[in-house]
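Each chain is listed here by its residues.
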Amino acid sequence: MRGKSLPNGGFKACPCFSFVPTNTRFMLRELPGDLEGLSTMWTADEIARLCYEHYGSKLPKQGKPEPNREWTLLAAVVKIQPTADQACDHSDGRVQVTKEVVSMGTGTKCIGQSKMRKSGDILNDSHAEVIARRSFQRYLLHQLHLAAALKEDSIFLPGSQRGLWKLKPDLLFVFFSSHTPCGDASIIPMLEFEDQPCCPVSRDWASNPSVETSDNLEAPEDKRKCEDPESPVTKKMRLEPRTPGGTAHRQSFGSQERGPNPPDVSSSNLTAEELASVTGMTPSGAQVVDVYRTGAKCVPGEAGDSGQPGAAYHRVGLLRVKPGRGDRTRSMSCSDKLARWNILGCQGALLMHFLEEPIYLSAVVIGKCPYSQEAMQRALIRRCQNVSALPEGFGVQEVKIQQSDLLFEQSRRAVQTRKADSPGRLVPCGAAISWSAVPEQPLDVTANGFPQGTTKKGIGRLQARSRISKVELFRSFQKLLSSISEDKWPDSLRAQKLATYQEYKEAASTYQQAWSALRKQAFGSWIRNPPDYHQFK
């Protein structure tokens, strides 16, 4: 599904609806004048509650945190559509919607570059957002199977060109994360206040705070700092006052989901106002004393963080890499990946062969945690807002961003509260769980990139592959292709003989053109894996 930026900041989601901003809800407003009153509403809390309930009822005990000792992060994709009898031709002014979790992921870990494999059978990045997105791709593959078999319950309809499909016009997808994404979005100001609630953060402050942050327990190195009750970071966090959960337009300090790390200042695509020096004061006069820091490290070769104490620790807007335990990773931060998906779509290169347009997220909802609306806007949208000359169907999306006031029960903060003064150290859960809305084997539990319980001797065998690993998603793609007669293949797959994963990805020409434009204009330092890691068949 393709969205379009509108002059008033709205979001065109489909021919029937457009997004218009509201204070606490997303509203779908019908475009045709005759049906002007048609709208559907849902709140960030409803999305969060649905995901938390799904986590409790659909995910197994295996892979979940050990009570009172471990915590984890949660992400999901939620499908929203009008109920069957209230589609676009309904005119009573309101529609009821169905909300369904179609993919979910948990996880906090990444593997180091020395553990990467050229066979595509290991998960390099097991952060919750990445697991949820890969699980979503598995769901999309299943839906394409249904479409190719002419099943009416697929989310896809035939496109205007041979072999291509498009989303049904009344569908949209919302991405949920229980925590602020690691990287740029996690560079959030800490304010010095007494009893008053925290004040809104100004655009120029959040876009270029030379401030220190500790928001992201995403990075293992910073997770360890937060796990140590005697570390300077943990002591500082205990001294900071807490406030009630924030709203979509306020800075909130609900909990620290990931590891502390600082902000980053990027000169790419930021306005002069956004690059202005930080004064250390918000417009309300509250003193900025520090920043929540992200565990993600600046990409090697790019301008780095200042490392100065206090609010000047980080620079904002930079590309960042998730840290490893001594072994550097090649995994870009979740902030960077979400920004990329906001232009290229969530479907990836392989599925683009079968799609008329990319599959975009209409909204991103964040659970209760340290949060800044401005930092989220900067990290996910504004860094890339000037990217142009994209192929038809691709564009920078005005994705709607909002925060829920509901805390994930197995987040670091929630577990820490329950644990209270119990002995023992709090650590991140080492396992990751993938769930997809597919009929066969929807669950996948991994550790260190392989199915949980895999031994060294078992690595390389079919049963030692995650269902969302590159090689398994490629196998599902090939299975889909073989189920379709060759005369009905899309043109991109008929033009040449393709064999390897790399060849199929490169043959998705419009996707590759869009990716090239994004790298040239905004993300030039993006770390890419060498081609020999994609030569498997």
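Before going into details, it helps to say that this report is about the structure given with it. Since this is a predicted model, take the numbers as computed values, not measurements. (Residues numbered from 1 in each chain as written. Predicted model: local features only at pLDDT ≥ 70, side-chain atom pairs only at ≥ 80, totals over all residues. Heavy atoms only, no water.)

### Quick look at the overall build of the protein
Rules: A run of DSSP states H or I qualifies as a helix once it reaches four residues; a run of E qualifies as a strand once it reaches two. Both are numbered from the N-terminal end. Relative accessibility thresholds used throughout: buried, under 20% of the residue-type maximum; exposed, over 50%; partly exposed, between the two (1.4 Å probe, protein chains only). By definition in these notes, contact holds between two residues if any of their heavy atoms fall within 4.5 Å. Computed with a 1.4 Å probe, the accessible areas rest on the Shrake-Rupley method; for each residue, only the protein chains presented here act as cover.
Scanning the protein for helices and strands turns up 13 helices and 27 strands. The burial tally for the protein puts 61% of its 537 residues in the buried class. Taking the intrachain contacts of the protein between residues at least 6 apart in sequence as the baseline, contacts between residues at least 24 apart amount to 75%. Of the accessible surface of the protein, which amounts to about 21200 Å², a share of 48% is contributed by carbon and sulfur atoms.

### Brief notes about the nonpolar core
Defined as follows: Among the buried residues, those of types Ala, Val, Leu, Ile, Met, Phe, Trp, Tyr and Cys that are joined through side-chain atoms within 4.5 Å form a nonpolar core.
In terms of nonpolar packing, the biggest core is built from 109 residues, with Phe156 and Phe173 touching the most fellow members. No other element matches the eight residues that helix α2 (residues 128-148) contributes to this core. Residue contacts for Phe156: discarding those within four places in its chain leaves Leu140, Gln143, Leu144, Ala147, Trp165, Lys166, Leu167, Lys168, Leu355 and Ile359.

### A few points about the layout of surface pockets
For clarity, the cut-off: Here a cavity means grid points, on a 1 Å grid over the protein atoms only, where a 1.4 Å probe fits yet cannot get out; a pocket means an open set of points with protein on both sides within 12 Å along at least five of seven lines; lining residues are those with an atom within 4 Å of a point. Grid points are joined across faces, edges and corners, and a volume is the space filled by probe spheres set on the points. Each residue is assigned to one of three groups, with Ala, Val, Leu, Ile, Met, Phe, Trp, Tyr, Cys and Pro labelled nonpolar, Asp, Glu, Lys and Arg labelled charged, and all others, Gly among them, labelled polar.
Of the voids in this model, the largest pocket is the one considered here, and its volume is about 940 Å³. Every residue lining the largest pocket is counted, 39 residues in all, and those nearest its centre are Arg134, Arg340, Lys470, Lys505 and His534. Of all elements in the fold, only α2, α6 (334-344), α7 (348-352), α10 (470-482), α12 (501-506) and α13 (509-521) reach the threshold of two or more residues within the lining of the largest pocket. Across the lining of the largest pocket, the residue classes break down as 20 nonpolar, nine polar and ten charged.

### Observations concerning the pairing of strand β8 (residues 97-106)
Rules: Each pair of strands is called paired provided DSSP finds at least two bridges between the two strands.
A large share of β8 lies buried, amounting to seven of its ten residues. Pairing analysis gives nine bridges linking strand β7 (residues 74-82) to β8, with the strands arranged antiparallel. Its bridge partner lying in β8, Ala75 is registered against Gly105. As defined by bridge partners, β8 adjoins strand β25 (residues 431-436) across three bridges and the pair is classed as antiparallel. Following the sheet pairing, Ser103 is matched in β25 by Ser436.

### Brief notes about the side chain of Arg320
To keep things clear, this is the line we draw: Pairing of N or O atoms within 3.5 Å defines a polar contact, subject to two protein rules: one partner must be a possible hydrogen donor and the other a possible acceptor, and residues neighboring in sequence count only if both atoms are side-chain atoms.
Summarising the element assignment, Arg320 is placed in strand β20 (residues 320-321). A relative accessible area of 0% means that Arg320 is categorised as buried. A distance of 3.4 Å separates polar atoms of two side chains, one belonging to Arg320 and the other to His314. There is a polar contact of 3.0 Å between the side chain of Arg320 and the backbone oxygen of Arg315.

### A few points about the sheet that holds strand β23 (residues 400-403)
The line we're drawing: Axis geometry follows a simple rule: fit a line to the C-alpha atoms, using only the stretch in contact for helices, then measure angles between N-to-C directions, giving values from 0 to 180 degrees.
An order of β23-β21-β13-β7-β8-β25-β26-β27 is seen for the eight strands of this open sheet, with the pairing classed as mixed. A strand with exactly one partner marks an edge of an open sheet, and here the two such strands are β23 and β27 (450-451). Alignment of β7 against strand β13 (residues 172-177), held across six bridges, turns out to be antiparallel. Of the residues in β13, the one forming a bridge with Ala75 is Ser177. Packed on one face of the sheet, helix α8 (residues 373-380) meets β21 (363-366) and β23 and runs near 145° to β23.

### Concerning the pattern of salt bridges
Here is the rule we go by: Take a side-chain nitrogen of Lys or Arg and a carboxyl oxygen of Asp or Glu: if they are within 4 Å of each other, that pair is a salt bridge.
All chains considered together, the criterion is met by 15 salt bridges. Here Glu66 makes a salt bridge to Arg69, at a shortest N to O gap of 3.3 Å. Judged by relative accessible area, Arg69 falls into the partly exposed class, the value being 34%. One salt bridge in this structure joins Asp184 and Arg378, with 2.8 Å as the shortest N-O distance. Highlighted residues: Asp184 in the loop between β13 and β14 (188-192) and Arg378 in helix α8, separated in sequence by 194 residues. Side by side, Asp184 and Arg378 carry an identical accessibility label, which is buried. Here the salt bridges do not stand alone but share partners, grouping Glu66, Arg69 and Glu70 into one network.

### Topic: the environment of Ala48
Looking at the element boundaries, Ala48 is found in helix α1 (residues 44-58). Exposure remark for Ala48: the relative accessible area of 0% places this residue in the buried category. Residues Ala48 and Gly367, 319 residues apart in the sequence, show an inter-C-alpha distance of 6.6 Å. In this structure, Ala48 is in contact with Phe176, Ser404 and Leu406, ignoring residues within four places of it in sequence.

### Structural notes on α6
Of all eleven residues that make up α6, eleven are buried, and the element is covered over most of its length. Burial in α6 covers these residues: Cys334, Ser335, Asp336, Lys337, Leu338, Ala339, Arg340, Trp341, Asn342, Ile343 and Leu344. Summarising the contacts, the buried residues of α6 are in contact with β10 (125-127), α2, β13, β20, α8 and α13. In the stretch just after α6, Gly345 is the one whose phi turns positive, near 90°.

### Some points on the packing of aromatic side chains
Put simply, the rule is: Classification of ring pairs uses Phe, Tyr and Trp, with its six-membered ring standing for Trp, and accepts pairs whose centres are within 6.5 Å; under 30 degrees between planes counts as stacked, over 60 as edge-to-face, and the remaining range as tilted. We call a charge positioned above a ring when the Lys NZ or Arg CZ atom is no farther than 6 Å from the ring centre and deviates by at most 35 degrees from the ring normal.
Overall, the coordinates contain 15 aromatic pairs when judged by the stated rule. Relative to Phe477, the ring of Phe474 lies with its centre 6.4 Å away and its plane at 20°, an arrangement referred to as stacked. Here Phe477 and Phe474 lie together in helix α10, a separation of three residues that amounts to about one turn. No difference in accessibility class separates Phe474 from Phe477, as the two residues are buried. With 6.2 Å between their ring centres and 70° between their planes, Phe474 and Phe536 make a pair best called edge-to-face. Pair noted here: Phe474 is in helix α10 and Phe536 is in the segment after α13, with a separation of 62 residues, a long-range link. The buried category is assigned to Phe536, whose relative accessible area is 8%. Ring pairs connect the aromatic residues Phe354, Phe474, Phe477, Tyr501, Tyr504 and Phe536, which therefore count as one cluster. A cation over an aromatic ring shows up here: Arg340 above the ring of Trp515, its NZ or CZ 3.8 Å from the ring centre.

Nothing here speaks to function; it is geometry throughout.
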